[in-house]
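Each chain, letter by letter, is given below.
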Amino acid sequence: MTYTSQSVARLYFIAALGLFAGQILFGLIMGMQYLVGDFLFPLVPFNVARMVHTNLLIVWLLFGFMGAAYYLVPEESEQELHSPFLAKLLFWVFLVAGALTVVGYLSVPYATLAKITGNSLLPTMGREFLEQPTLTKLGIVVVALGFLYNIGMTILKGRKTAITLVLFVGLLGLALFFLFSFYNPDNLVKDKFFWWWVVHLWVEGVWELILGAILAFILIKVTGVDREVIEKWLYLIIAVTLITGIVGTGHHYYWIGTPEHWQWIGSIFSGLEPIPFFMLMVFAFNMVNKRRRQHPNEVASLWAVGTAVMAFLGAGVWGFLHTLSPVNFYTHGTQITAAHGHLAFYGAYVMVVLAIISYAMPILRGRTANGPRAQGLERRGFWMMAIAMIVITLALTGAGVMQVWLQRMGATPLGFMQTQDELRVFYWLREGAGLLFFVGLLAYFGSFLVKDEARVAV
Amino acid sequence: MKERFTVGMARNIFYGGGVFFFLVFVGLSFGTVRDLPKRDNSQNLTPQVAMGKKVWEENNCIGCHSLLGEGAYFAPELGNVYLRRGPDFIKSWIQSQPTEVAGRRQMPQFNLSEAELDAVVAFLKYTSGIDTANWPPNIEG
Ligand code: HEM
Ligand code: HEM
Ligand SMILES: [Fe+2]
């Protein structure tokens, strides 16, 4: 660790991992409810479990992004963090706000939560991924502003690199597009139209800048390849991301009451969206092959390359699978969507956060890399989680194809619930793979507890 | 080639391309918002429908159901449920939950008032009148 203020990242990483475990637990609960419909009902209705699952995901990824920024911005800027105190304060504000929100979801009916948090003053609740009470949303904005100020000041004072610039643009975009969550018109079509300005412009826009910047940082560190080369790649990749991904939002405007020319625009632009993910993969392999040094933290390289590959599969391949409007007509809102959502979120954003944690956490704990036993266990966690997620994706894809076939094609379509009965095999497979994922997560956690000789040499 | 293509040029493609396509997208969005009234059934957007949307949101129906294909995939699509089942069925369905059939997926009892029930039904009627380019493929959603 070059700058002492980088150590605030440790808090953020630990919180991220704790919430990650909670997210998976609620995933397993829902997976069970898919099979045994009244499992935990009415204690934890499906919608409650789903809110906890998806909101924890988003919150822990945000913790991960912030931790990554607090770690890498001082090092890139060659500068202590502007205010480590503010970083710690905002950490606790965010953690308490997040915890209270989840407790609210679990302890009172959602309608009660809406009432006691004053949703009618500024109604923003009850939309997918944006279920948080308006108060929580305001808290998120405050935390984001303080965070951006802290990071921004640090960047301004020090050396400006492509990585910090791209990271900052990404984080700024994240905060700005979140503001659309406060726009909730009575007109359902308008509501849906701008809802995607948060969700799509996040994951297929500004978050990809954050992804690219973090990955570029890790690759510079573990491969020792020239910064010049890496920066060129980074800019090109994210340029293509924005060129295809912004207008690519159109792939959500096929069937929600928006004009039909979006079927063309959305298909063409989003059809090109896999390109930047492909470039990211070529980039990662290239840099690792050209590496100038053998960094002792080998498992961090595995995470970095793994991120690029799994992001390409989840976003690029599984995204393309259902993005053309004639295909999407049949797959829209089926288990195919869930298959893609899982692999894309896992491959791109979960894995990049785990990659930076893998690289930075040993250093934050006073060593260049963990010893061979800890790295070995982490490696096993990596593979178990990766394989489990691929099996989950394949199971849901199978379920989705069957669902489309039975419910949406042919002369005598089955009803929704009848169709679901036919998909049980796939849902069992998903639940089994989910358990494997959880075991992989435990192995990964275990790697933090292994006591063996740290590798100090660089 | 590597030498002639500098970091500065890559950066300019990023900023230029990003800003240009964002503006294109904003332009397209303006056009869409202007043309929406042709398809969005807003002529039937009464205060009761607005209230129904609020009931829909404050009970998190989207946490189990999809609406025009967006949301959760645990329970039936409701964008066209008004056409599939009709107003009376919807109302009595919501009132009679949960089914408590062992092992079957459950929908909670929301204890909605008569006015709230009518509002949700009005909201689902309005939704079923949105021109979705013939989606879903059939009445089952
Ligand atoms: C890392 C990047 C990505 C992430 C995290 C991601 C995640 C998601 C999620 C969670 C949904 C479901 C949204 C909902 O609940 O309604 C979704 C939908 C969708 N995604 Fe992605 N996605 C990514 C990239 C892509 C790419 C590159 C493409 C196209 C090539 C794509 C195509 C689609 C389409 C067409 C839908 C709509 C599915 C439907 O009609 O039901 N995604 N994505
Ligand atoms: C890090 C791993 C995971 C990530 C990133 C993740 C992400 C997500 C996302 C983005 C959604 C919303 C999907 C959409 O709207 O299309 C979702 C829903 C869901 N997830 Fe996960 N998840 C993970 C692990 C799991 C596990 C292990 C299970 C269970 C075995 C699970 C079960 C579910 C279920 C049942 C839903 C609800 C689908 C529906 O609406 O019907 N997830 N998850
Ligand atoms: Fe998208």
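About the criteria used
Per chain, residues are indexed from 1 in the order of the written sequence. Chains and ligands are labelled by the order in which they are written, letters from A for the one and numbers from 1 for the other. Given that this is a predicted model, residues contribute local features only at a pLDDT of at least 70 and side-chain atom pairs are listed and counted only at 80 or more, while totals for whole chains, interfaces and linings are drawn from all residues. Only hydrogens and water are removed before side-chain values are computed, so all heavy atoms of the structure are retained for them. Here a residue is near a molecule or strand as soon as one of its heavy atoms is found within 4 Å of it. Definition of a polar contact: a pair of N or O atoms within 3.5 Å, with one able to donate and the other able to accept a hydrogen when the atoms are protein atoms, and with sequence-neighbouring residues admitted only if both atoms are side-chain atoms. Strands are runs of DSSP state E lasting at least 2 residues, helices are runs of H or I lasting at least 4, and numbering of each runs from the N terminus. Reported domain spans reflect what an automatic or database domain assignment gives. Whether two residues touch is decided by their heavy atoms; if any such pair falls within 4.5 Å, the residues are in contact. Buried area adds together the accessible area that both of two parts lose upon being put together, with accessible area traced by a 1.4 Å probe. We count a salt bridge whenever a side-chain nitrogen from Lys or Arg sits within 4 Å of a carboxyl oxygen from Asp or Glu. Residues are grouped as follows: Ala, Val, Leu, Ile, Met, Phe, Trp, Tyr, Cys and Pro are nonpolar; Asp, Glu, Lys and Arg are charged; all remaining types, including Gly, are polar. The predictor's confidence in any single residue is recorded as pLDDT, a number from 0 to 100. Each metal's donors are the N, O and S atoms found within 2.8 Å of it, except that Na, K and Ca use a 3.2 Å limit; water is left out, so coordination can look incomplete. The geometry test gives tetrahedral to four donors whose angles all lie between 85 and 135 degrees, gives square planar to four donors and octahedral to six donors whose opposite members are over 155 degrees apart with all other angles between 65 and 115, and gives irregular to the rest. Burial here depends on accessible area, computed with a 1.4 Å probe over protein chains only, as a share of the maximum for the residue type. Under 20% is buried, over 50% is exposed, and the range in between is partly exposed. What is meant by a nonpolar core is a set of buried Ala, Val, Leu, Ile, Met, Phe, Trp, Tyr and Cys residues, joined one to another through side-chain atoms within 4.5 Å. The criterion for an aromatic pair is that two Phe, Tyr or Trp rings (for Trp, the six-membered ring) have centres within 6.5 Å, with stacked assigned to planes under 30 degrees apart, edge-to-face to planes over 60 apart and tilted to the rest. As a reminder, the over-ring test applies to NZ of lysine and CZ of arginine, requiring each to be within 6 Å of the ring centre and within 35 degrees of the ring normal.

### With respect to the site of ligand 1
Around ligand 1 there are 27 residues in total, and Glu128, Asn328, His332, Thr337 and His340 of chain A lie nearest to it. Chains contributing residues near ligand 1 are chains A and B. One nitrogen or oxygen atom from the side chain of Glu128 of chain A is found 2.8 Å from an oxygen atom belonging to ligand 1. Contact distances for ligand 1 include 2.6 Å between an oxygen atom and a side-chain N or O atom of His332 of chain A. Of all elements in the fold, only helix H7 (188-223), helix H10 (274-289), helix H11 (298-321) and helix H13 (335-364) of chain A reach the threshold of two or more residues within the shell around ligand 1. For the shell around ligand 1, the element with the most residues is H13 of chain A, which contributes 7 residues.

### Thoughts on the domain arrangement of chain A
All names here are of chain A. With domains assigned, chain A is organised as domain 1 (1-160) and domain 2 (214-458). Between domain 1 and domain 2, the C-alpha centre-to-centre distance is 20 Å. Taken together, the contact pairs 29 residues of domain 1 with 35 residues of domain 2. A combined buried area of about 3,000 Å² lies between domain 1 and domain 2, and 78% of that area is made up of carbon and sulfur atoms. Scanning the region where domain 1 abuts domain 2 turns up 2 salt bridges. Where Glu76 meets Arg227, a salt bridge forms, and the shortest distance between an N and an O atom there is 2.8 Å. The tally of links between domain 1 and domain 2 comes to 4 residue pairs in polar contact (both at pLDDT 80 or more).

### Quick word on the site of ligand 2
As a structural note, the neighbourhood of ligand 2 is formed by 29 residues, with Tyr34, Arg50, His53, Glu128 and His342 of chain A the closest of them. This site is not confined to one chain, since residues near ligand 2 come from chains A and B. Note that an oxygen atom of ligand 2 is positioned 2.7 Å from one of the side-chain N or O atoms of Arg50 of chain A. One of the side-chain N or O atoms of Glu128 of chain A is found 2.8 Å from an oxygen atom in ligand 2. Elements represented by at least two residues in the shell around ligand 2 include exactly helix H1 (8-35), helix H2 (46-77), H13, helix H14 (372-408) and helix H16 (424-449) of chain A. With 7 residues, the top contributor of residues to the shell around ligand 2 is H1 of chain A. For the shell around ligand 2, a count of residues per class yields 18 nonpolar, 7 polar and 4 charged.

### Quick notes on the confidence of the model for chain B
Across chain B, the average pLDDT comes to 97, with 98% of residues at 70 or higher. Predicted complex, confidence summary: ipTM 0.97, pTM 0.98.

### A short note on the coordination of the iron ion (ligand 3)
For a metal bound by four donors in a tetrahedral arrangement, the ideal donor-metal-donor angle is 109.5 degrees, while six donors in an octahedral arrangement ideally sit at 90 or 180 degrees. All names here are of chain A. His200 (ND1), Glu204 (OE), His251 (NE2) and His252 (NE2) make up the full set of protein donors to the iron ion (ligand 3), lying at 2.1 to 2.2 Å. Around the iron ion (ligand 3) sit 4 donor atoms, and with donor-metal-donor angles ranging over 82 to 151 degrees the site reads as irregular. Counting the intervening residues between successive donors of the iron ion (ligand 3) yields the motif H-x3-E-x46-H-H. Here the iron atom of ligand 1 and the iron ion (ligand 3) are spaced 4.3 Å from one another. Of this pair, His200 sits in helix H7 while His251 sits in the loop between helix H8 (227-245) and helix H9 (262-271), and the two are 51 residues apart along the sequence. The class for His200 is buried, based on a relative accessible area of 0%. The class for His251 is buried, based on a relative accessible area of 13%.

### Describing the coordination of the iron atom of ligand 2
All names here are of chain A. Taken together, His53 (NE2) and His342 (NE2) make up the full set of protein donors to the iron atom of ligand 2, lying 2.0 Å away. Geometry at the iron atom of ligand 2 is octahedral, judged from its 6 donor atoms and the angles of 86 to 178 degrees they form at the metal. Highlighted residues: His53 in helix H2 and His342 in helix H13, separated in sequence by 289 residues. Under the relative-accessibility criterion, His342 is labelled partly exposed at 27%.

### So, the environment of Met417 of chain A
The residue Met417 of chain A is located in helix H15 (residues 416-421) in this model. Given the relative accessible area of 22%, Met417 of chain A is considered partly exposed. As for Met417 of chain A and Gln407 of chain A, which are separated by 10 residues in sequence, their C-alpha atoms are 9.7 Å apart. In this structure, Met417 of chain A is in contact with Pro76, Arg104 and Arg105 of chain B, ignoring residues within four places of it in sequence.

### Remarks on the interface of chain A and chain B
At the junction of the two partners, chain A supplies 87 residues and chain B supplies 68 residues. Of the roughly 6,600 Å² buried at the junction of chain A and chain B (both faces included), carbon and sulfur atoms supply 67%. It is Leu188, Lys232 and Tyr235 of chain A in chain A that bury the most area against chain B; as a group they hold 9% of the surface buried on that side. With a closest N to O distance of 3.1 Å, Glu70 of chain B and Lys192 of chain A form a salt bridge. Linking chain A to chain B there are 28 residue pairs in polar contact (both at pLDDT 80 or more). Element by element, the count of residues in the side of chain A that touches chain B is highest for H7 of chain A, at 12 residues.

### What to know about the side chain of Asn187 of chain A
Within the element layout of this structure, Asn187 of chain A appears in the loop between helix H6 (162-178) and H7. We classify Asn187 of chain A as buried; its relative accessible area is 8%. There is a polar contact of 2.7 Å between the side chain of Asn187 of chain A and the side chain of Asp40 of chain B. The contacts of Asn187 of chain A, once residues within four sequence positions are left out, are Asp40, Ser42, Leu45 and Tyr126 of chain B.

### As for the domain arrangement of chain B
Partitioning chain B into domains gives domain 1 (7-37) and domain 2 (42-128). Summarising the inter-unit geometry, the C-alpha centres of domain 1 of chain B and domain 2 of chain B are found 37 Å apart.

### Here's the deal with the nonpolar core
Core analysis: the largest hydrophobic core is formed by 201 residues, its most contacted members being Phe20, Trp60, Phe65, Tyr70, Trp207, Ile214 and Trp303 of chain A. Here the element with the most residues in this core is H7 of chain A; it accounts for 26 residues. When sequence neighbours within four positions are dropped, the list of residues in contact with Ile214 of chain A reads Phe65, Ala68, Leu72, Leu167, Val352 and Ile356 of chain A. With 5 residues, the next largest nonpolar core counts Tyr254, Trp255 and Phe329 of chain A together with Trp135 of chain B among its residues.

### As for the packing of aromatic side chains
Taken as a whole and judged by the stated rule, the model has 58 aromatic pairs over all chains. Judged by centre distance (5.5 Å) and plane angle (85 degrees), the ring pair of Tyr183 of chain A and Phe194 of chain A falls under edge-to-face. One end of the pair, Tyr183 of chain A, is in the loop between H6 and H7; the other, Phe194 of chain A, is in helix H7, with 11 residues separating them in the sequence. Residue classification places Tyr183 of chain A among the partly exposed positions, given a relative accessible area of 36%. We classify Phe194 of chain A as buried; its relative accessible area is 12%. Look at Tyr235 of chain A and Phe14 of chain B: their rings are 5.9 Å apart centre to centre, the planes differ by 35 degrees, and that puts the pair in the tilted class. Placement of Tyr235 of chain A in helix H8 and of Phe14 of chain B in helix H1 (residues 7-35) is noted, with the two residues assigned to different chains. Judged on exposure class, the residue Tyr235 of chain A and its partner Phe14 of chain B are both buried. Grouping aromatic residues by their ring pairs yields a cluster made of Phe177, Phe180, Tyr183, Phe193, Phe194, Trp197, Tyr253 and Trp262 of chain A together with Phe22 and Phe25 of chain B. A cation over a ring is seen here: Arg430 of chain A above Tyr34 of chain A, with NZ or CZ 4.7 Å from the ring centre.

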